[in-house]
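Per-entry structural report
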Amino acid sequence: MTTEIDLEATSAKSQKPWAITLVGLVSIAAVILMPFLAGKPDDKEMPDIVRFLGNFHPVVLHLPIGIFMLILCQELLAIVTRKKDQSGIFPIFFGASSAVLAVILGFLLYQGGEFESGELIEDHLWGGIAFSVLAVLTFIVKSWSMAAAIPQTLYQTMVALSVLVMTYASHDGASLTHGENHLTQYAPDPIRSLIGLPPKEKKEDKKDNTKPLEEQIVFADIVQPILEKRCVECHKEGKTKGKFRMDTFDLLVKGGKEGEAIEPGNADDSNIVIRAELPEDDDEHMPPEGKPDLEDHELAVIKWWINEGADPTKTVAQHTLTDEIREAIGKLDLGVSFAEPGTETASEGDTPSDELRAMVAKLGENFPGGLTFESQASSNLTFTGVSMRASLNDEEFAKLTPVIGKMVAIDLSATSITDASVSLLASAENLRMVRLSETQITDAALDTISQIKTLESVNLYGTKITDAGAKKLVSLTKLKRLYLWQTKVSPEVIAELKAAIPGLEIITGI
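Along each chain, residue indices are assigned from 1 in the same order as the chain's sequence is written. Two thresholds apply to this predicted model, a pLDDT of at least 70 for residue-level local features and 80 or more for giving and counting side-chain atom pairs, whereas whole-chain, interface and lining totals are computed over all residues. Values reported for side chains reflect all heavy atoms of the structure, with hydrogen atoms and water molecules removed beforehand.

**Looking at a negative patch on the surface**
For patches, a residue must show more than 30% relative accessible area and have no salt bridge; joins then use 9 Å for like charges and 5 Å for nonpolar side chains, namely Val, Leu, Ile, Met, Phe, Trp and Tyr. Each accessible area is a Shrake-Rupley estimate made with a 1.4 Å probe; only the visible protein chains count as cover when residues are assessed. For salt bridges, the criterion is a side-chain nitrogen of Lys or Arg within 4 Å of an Asp or Glu carboxyl oxygen. In this count, Lys and Arg are taken as positive residues and Asp and Glu as negative ones, while His and the chain termini are left out. By convention, the charge on Lys lies at NZ, on Arg at CZ, on Asp at CG and on Glu at CD. On the surface, E260, E263, D268 and D269 cluster together into a negatively charged patch. Runs of H or I in DSSP of at least four residues are treated as helices and runs of E of at least two as strands, each being numbered from the N terminus. Tracing the chain through its elements places E263 in the loop between α11 (249-254) and α12 (271-277). Only protein chains enter the calculation, and the probe is 1.4 Å; a residue is then buried if its accessible area is under 20% of its type maximum, exposed if over 50%, and partly exposed in between. We classify E263 as partly exposed; its relative accessible area is 36%.

**Observations regarding the environment of A495**
One can find A495 in helix α21 (residues 491-500). Taking the C-alpha atoms as reference points, A495 and I506, 11 residues apart in sequence, are found 9.3 Å from one another.

**Brief notes about the side chain of S270**
Counting through the fold element by element, S270 comes out in the loop between α11 and α12. With a relative accessible area of 0%, S270 lands in the buried category. Within the structure, S270 has its side chain in polar contact with the backbone nitrogen of E263 (distance 2.8 Å). Under this definition, polar contacts are N or O atom pairs within 3.5 Å; protein pairs additionally need one hydrogen-donor-capable and one acceptor-capable atom, and for neighbouring residues in sequence, both atoms have to be side-chain atoms. A distance of 2.9 Å separates a polar side-chain atom of S270 from the backbone oxygen of N266. Leave out the neighbours within four places in its chain, and S270 touches A261, I262, E263 and I306. Contacts are residue-level and defined by heavy atoms, with any inter-residue pair within 4.5 Å sufficient.

**A word on the pairing of strand β4 (residues 381-384)**
Pairing between two strands requires that DSSP report at least two bridges joining them. Here strand β3 (residues 371-373) pairs with β4 via three bridges, running antiparallel. Paired with F373 across the bridge in β4 is L381. Two elements, β4 and strand β5 (residues 407-411), share four bridges in a ladder whose sense is parallel. Across the sheet, T384 pairs through a bridge with D411, a residue of β5.

**Topic: the packing of aromatic side chains**
Note on aromatic pairs: each is described by the distance of the centres and the angle between the planes. Aromatic contacts are taken between Phe, Tyr and Trp rings whose centres are within 6.5 Å, Trp giving its six-membered ring; a plane angle under 30 degrees counts as stacked, one over 60 as edge-to-face, and the others as tilted. With the rule as written, the count across this model stands at 10 aromatic pairs. When the ring of F90 is compared with that of F94, the centres are 6.0 Å apart and the planes differ by 10°; the resulting orientation is stacked. Taken together, the positions of F90 and F94, both in helix α6 (residues 90-111) and four residues apart, correspond to about one turn of that helix. By relative accessible area, which is 56% here, F90 ends up exposed. Centre to centre, the rings of F367 and F383 are 5.5 Å apart; their planes meet at 90°, and the pair counts as edge-to-face. Placement of F367 in the loop between α15 (354-363) and β3 and of F383 in strand β4 is noted, with a sequence separation of 16 residues between them. Just as F367 is buried, F383 falls in that class too. Taken together, the aromatic side chains of F367, F383 and F397 make up a single cluster linked through ring pairs.

**Section: the pattern of salt bridges**
According to the stated counting rule, one finds five salt bridges in the structure shown. For the salt bridge of E365 with K362, the shortest nitrogen-to-oxygen distance reads 3.6 Å. Exposure class is identical for E365 and K362. Each is exposed.

**Side note on the sheet that holds strand β9 (residues 505-507)**
Spatial strand order, β3-β4-β5-β6-β7-β8-β9: seven strands in an open sheet with mixed pairing. On the outer flanks of this sheet lie β3 and β9, each paired with one strand and no other. Each strand axis lies, on average, 15° off the axis of its neighbour in the sheet, ignoring direction. For helices, the fitted axis covers only the stretch in contact; all axes are lines through C-alpha atoms, and the angles between them, taken along N-to-C directions, range from 0 to 180 degrees. Packing of α15 onto the sheet brings it into contact with β3 and β4, and relative to β3 it is tilted by some 150°.

**Concerning the packing of helix α10 (residues 218-230) against helix α13 (residues 296-307)**
The relative placement of two packed helices comes down to the angle between their axes together with the axis-to-axis distance. The geometry of α10 relative to α13 is characterised by a closest axis approach of 11 Å and an angle of 135° between their N-to-C directions. In terms of their interaxial angle, α10 and α13 are classed as oblique. In this structure, the crossing between α10 and α13 has a hand that is left-handed. Where α10 abuts α13, its residues V218, F219, I222, V223, I226, L227, K229 and R230 lie against E298, V301, I302, W304 and W305. By definition in this entry, angles of less than 35 degrees are roughly parallel, angles greater than 145 are roughly antiparallel, angles of 65 to 115 are roughly perpendicular, and the rest are oblique. By definition, any crossing whose near helix is turned counterclockwise from its far helix by less than a right angle is left-handed, and any crossing with a clockwise turn is right-handed.

**Remarks on unusual backbone geometry**
Despite not being glycine, A148 shows a phi value in the positive range, around 65°. Along the polypeptide, A148 turns up in the loop between α7 (119-146) and α8 (152-178). Under the relative-accessibility criterion, A148 is labelled exposed at 54%.

**Some details on the confidence of the model for the chain**
When pLDDT is low, close inspection of the predicted coordinates is not appropriate. On average, the chain scores 79 in pLDDT, and the residues at 70 or more come to 76%. Along the chain, pLDDT gives the predictor's confidence residue by residue, from 0 to 100. For the stretch residues 1-12, pLDDT sits under 50, and the model shows zero contacts to residues farther than four places along the chain or on other chains. Counting contacts from residues 203-210, a segment whose pLDDT is below 50, to residues more than four positions away or on other chains yields eight contacts.

**Let's talk about the environment of I262**
The residue I262 is located in the loop between α11 and α12 in this model. Its relative accessible area of 2% is what places I262 among the buried residues. Sequence separation between I262 and K303 is 41 residues; the distance between their C-alpha atoms is 9.8 Å. Not counting chain neighbours up to four residues away, the residues in contact with I262 comprise V253, S270, I272, W305, I306 and A310.

If you want it as structure tokens, here you go:
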């Protein structure tokens, strides 16, 4: 009986896997010739079925990765334990087949025109092809090894080599998805030094941009930070979805495979705006599902910049700045100064006392983020009620009475305050700017405002102010800017105010 079994085993080993070898070599030739026969991607002529199948590449590619890692572990275990490999041919067959399938689907994704041609995408393409070729060769070697025609050590060497090439190709693929520094951006300095990278830049506190809003460059200081936050992650060097980069102004204007991204002077016809305003369940909506959407105020600022001509060098002062856009910019976390043009800087010597700091911290519980020191070296305070809006009424504002005298800038726009709250501002002897737009104040509030001689900017947009109230402001000799848009103040009184206060700019929306 034993002799019969040995004869059967010997007979099985004597059967050489010529058919497997032939099919494997044909598969290798087809995979290598595939890019040459297909040519460069042409997304305009590519049928949707190509893109549909290509989108399955990220799903399938994990199969060969997992299988080859498992095979590597099995072979290492066999070497350590000095036991004969008993894994059989099925694992390597499945690994090689899935590797070829992943490469074909990846090539279809590439042909679909989703990615911009470049060194990284080409490296990934040929890295994937090299891995699939090695995977098939490893399968062929395994077949001959099982037929006792090739030593097992050659198969083990092929497995190790396949895993090395797979790792290289996988890294390039991840770089296309997550950016080229996705593996190293959080690496500790010892590891960075080991792989030849410079030490990580130390994190610094967010820079306080003390330039007045009007001196900010709209694109560089306001628009680009929005794009960096919402868009550039998927549209930068090494990761150009839709062949579109947004990390520089020139590339933003150039657009991608869908043409120009912005049309200066016409936000509604600009592709980045059209895509952002599509329904969230639309496949063309940007940012894509899973990424945080542009907020309304961010989109409003981008549209305003485009409608103003999309100039990369102009400052805010060189644009038409409405109160709505000023408010939208104010909601951005850009470090833009709260001060208006011409306002004085904080006194460096007037540092806040411990008592004042404690009081501000306590009040901050009722007004989170609303009450802040003008600078670390100043006891001057600024207050904004924008985040509270209608919930900020006279009763709530009265809680700030102990610190109103220290305020130099107050924004009560679109809140529920009335003349009663404005009367409390009489103690703010150093107040330079006050915004009362879209509130329910009347001419009576200007009795208090007219007594604050330090005021340089007053915003009364969208209020019930009339000629009688506006005339009271003639006593504000330091006033540089006055917003009277959508009020009942007549052109005649506006002319009188300009004549009485030299250098006064009055914004009427006309």
